[in-house]
Amino acid sequence: ETAVFQTPNYHVTQVGNEVSFNCKQTLGHDTMYWYKQDSKKLLKIMFSYNNKQLIVNETVPRRFSPQSSDKAHLNLRIKSVEPEDSAVYLCASSLGGYYAEQFFGPGTRLTVL
Amino acid sequence: GEKVEQHESTLSVREGDSAVINCTYTDTASSYFPWYKQEAGKGLHFVIDIRSNVDRKQSQRLIVLLDKKAKRFSLHITATQPEDSAIYFCAASPSNNNNAPRFGAGTKLTVKP
């Protein structure tokens, strides 16, 4: 099966803890993304990774960091979570950069207590 | 940077009627405009896109119109069905290929039987 896979589906943690979310795509795409979707369904691009070039949205707090081992994987690490980090984190991939349709994973729902 | 505004936050139509969702963008050099659908509890799913070299594109019951002069694009869903009910997101890709697409806030479409 070719798709975008995310683990875990959901995660509950306490303020100050570190969390990591995994994303893997088996579509052979060369660009991957992380989005944050808040409770109002607003989508905010956090990171994109294309041809070994990492593009960071400058509004993303420094406690967030992407980790990529190869072009099929782009993980997300949050060093010390805050209550406002509670959201759904969506991973996506595309072929040929930013002018192509994106394929999204099912998302990871993070709840910070 | 690019800003995308999605004008209808909610839209309700009767089955069989047409639904129209409108978006505007700010970057005159944006050239790629995809649309995505999100069903409850799922990630986004690509539905249709349009590039700036055309002003109309149709795929079955979906029509996308692009007015570059007005910096406006719209999604028309004809002969709506209950399974069209979802949140629809428009997006625009800035001309700078170092930036991922920016998304609108989403329109929740309800198709009533």
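What counts, and where the lines are drawn
- Residues numbered from 1 in each chain as written.
- Chains lettered and ligands numbered in written order.
- Predicted model: local features only at pLDDT ≥ 70, side-chain atom pairs only at ≥ 80, totals over all residues.
- Heavy atoms only, no water.
- Pairing = 2+ DSSP bridges.
- Helix = DSSP H or I, 4+ residues; strand = E, 2+ residues; numbered from the N terminus.
- Patch = residues over 30% accessible without salt bridge, like charges linked within 9 Å, V, L, I, M, F, W, Y side chains within 5 Å.
- Areas by Shrake-Rupley, 256 points an atom, 1.4 Å probe, with all protein chains shown as cover.
- Salt bridge = Lys/Arg side-chain N within 4 Å of Asp/Glu carboxyl O.
- Disulfide = S-S within 2.5 Å.
- Buried < 20%, exposed > 50% of the residue type's maximum accessible area, 1.4 Å probe, protein only.
- Contact = heavy atoms within 4.5 Å.
- Buried area = accessible area lost by both parts, 1.4 Å probe.
- Polar contact = N/O pair within 3.5 Å; in protein donor to acceptor, adjacent residues only side chain to side chain.
- Core = buried A, V, L, I, M, F, W, Y, C linked by side-chain atoms within 4.5 Å.
- Axes fitted to C-alpha atoms, helices over the stretch in contact; angles between N-to-C directions.

**As for the pairing of strand S7 (residues 62-67) of chain B**
Residues and elements named next belong to chain B.
- Sheet topology note: the strand S6 (residues 56-59)/S7 ladder contains four bridges and is antiparallel. Its bridge partner being in S7, Ser59 is matched across the sheet by Leu62.
- Connecting S6 to the next strand, S7, in antiparallel fashion are two residues, including Gln60 with a positive phi near 55 degrees.
- In this sheet, strand S8 (residues 72-77) lies alongside S7 in antiparallel orientation, the contact comprising six bridges. Counterpart to Val64 in the pairing with S8 is Leu75.
- In this structure, the hairpin formed by S7 and S8 is closed by a connection of four residues, where Lys71 is found at a positive phi of approximately 55 degrees.

**Thoughts on a nonpolar patch on the surface**
- On the surface, a cluster of nonpolar side chains totalling about 370 Å² of accessible area is made up of A:Tyr10, A:Val12 and A:Leu113.
- Relative to the elements of secondary structure, A:Tyr10 occurs in strand S2 (residues 10-13).

**Looking at the pattern of salt bridges**
Residues and elements named next belong to chain A.
- Within the structure shown, the criterion is met by six salt bridges over all chains.
- Notably, a salt bridge pairs Glu18 with Arg77, separated by 3.1 Å at the nearest N-O pair. Of this pair, Glu18 sits in the loop between S2 and strand S3 (19-25) while Arg77 sits in strand S8 (residues 73-78), and the two are 59 residues apart along the sequence.
- Across the pair Glu84 and Arg63 runs a salt bridge, and its minimum N-O distance is 3.8 Å.

**Remarks on the state of the cysteines**
All names here are of chain A.
- In the structure shown here, the tally under the stated rule is two disulfides over all chains.
- In this model, Cys23 is linked to Cys91 through a disulfide, with the two sulfur atoms separated by 1.8 Å. Taking the torsion about the S-S bond as the criterion, the Cys23 to Cys91 disulfide, at about -80 degrees, is left-handed. With Cys23 in strand S3 and Cys91 in strand S9 (residues 87-94), this residue pair connects regions lying 68 residues apart in the sequence.
- Here Cys23 falls in the buried class, since its relative accessible area comes to 1%.
- With a relative accessible area of 0%, Cys91 lands in the buried category.

**Looking at the interface of chain A and chain B**
- The interface of chain A with chain B comprises 19 residues on the first partner and 24 residues on the second.
- Surface buried jointly by chain A and chain B totals about 1800 Å² across both partners, of which 56% is contributed by carbon and sulfur atoms.
- Three residues stand out in chain A for area buried against chain B, namely A:Leu43, A:Tyr98 and A:Tyr99, and they jointly supply 38% of the buried area on that side.
- Across the chain A-chain B interface, the total number found is zero salt bridges.
- One can count four residue pairs in polar contact (both at pLDDT 80 or more) joining chain A with chain B.
- Secondary structure elements with two or more residues in the side of chain A that touches chain B: strand S4 (31-37), strand S5 (43-50) and strand S6 (53-56) of chain A.

**Focus: the nonpolar core**
- In terms of nonpolar packing, the biggest core is built from 24 residues, with B:Trp35, B:Phe73, B:Leu75 and B:Leu109 touching the most fellow members.
- Among the elements of the structure, strand S2 (10-14), strand S3 (19-25), strand S4 (32-38), strand S5 (44-51), S7, S8, strand S9 (86-92) and strand S11 (107-112) of chain B are those that each provide at least two residues to this core.

**Things to note about the sheet that holds strand S1 (residues 4-6) of chain B**
Residue and element names in this part refer to chain B.
- Ordered by their spatial adjacency, five strands build an open sheet running S1-S3-S8-S7-S6, and the pairing between neighbours is antiparallel. Pairing within the sheet leaves two strands with one partner each, and these edge strands are S1 and S6. With strand direction ignored, the average angle separating the axes of adjacent strands in the sheet is 15 degrees.
- In terms of strand pairing, S3 meets S8 through six bridges, oriented antiparallel. Looking at the pairing, Val20 lines up with His76 of S8.

**Some details on the sheet that holds strand S7 (residues 64-70) of chain A**
Residue and element names in this part refer to chain A.
- The antiparallel open sheet is built from four strands, whose spatial order is S1-S3-S8-S7. The outermost strands of the open sheet, each flanked by one partner alone, are strand S1 (4-7) and S7. Across the sheet, the axes of successive neighbouring strands diverge by a mean angle of 20 degrees, strand direction being ignored.
- Sheet topology note: the S7/S8 ladder contains five bridges and is antiparallel. From the neighbouring strand, Phe64 faces S8, where its bridge partner is Ile78.

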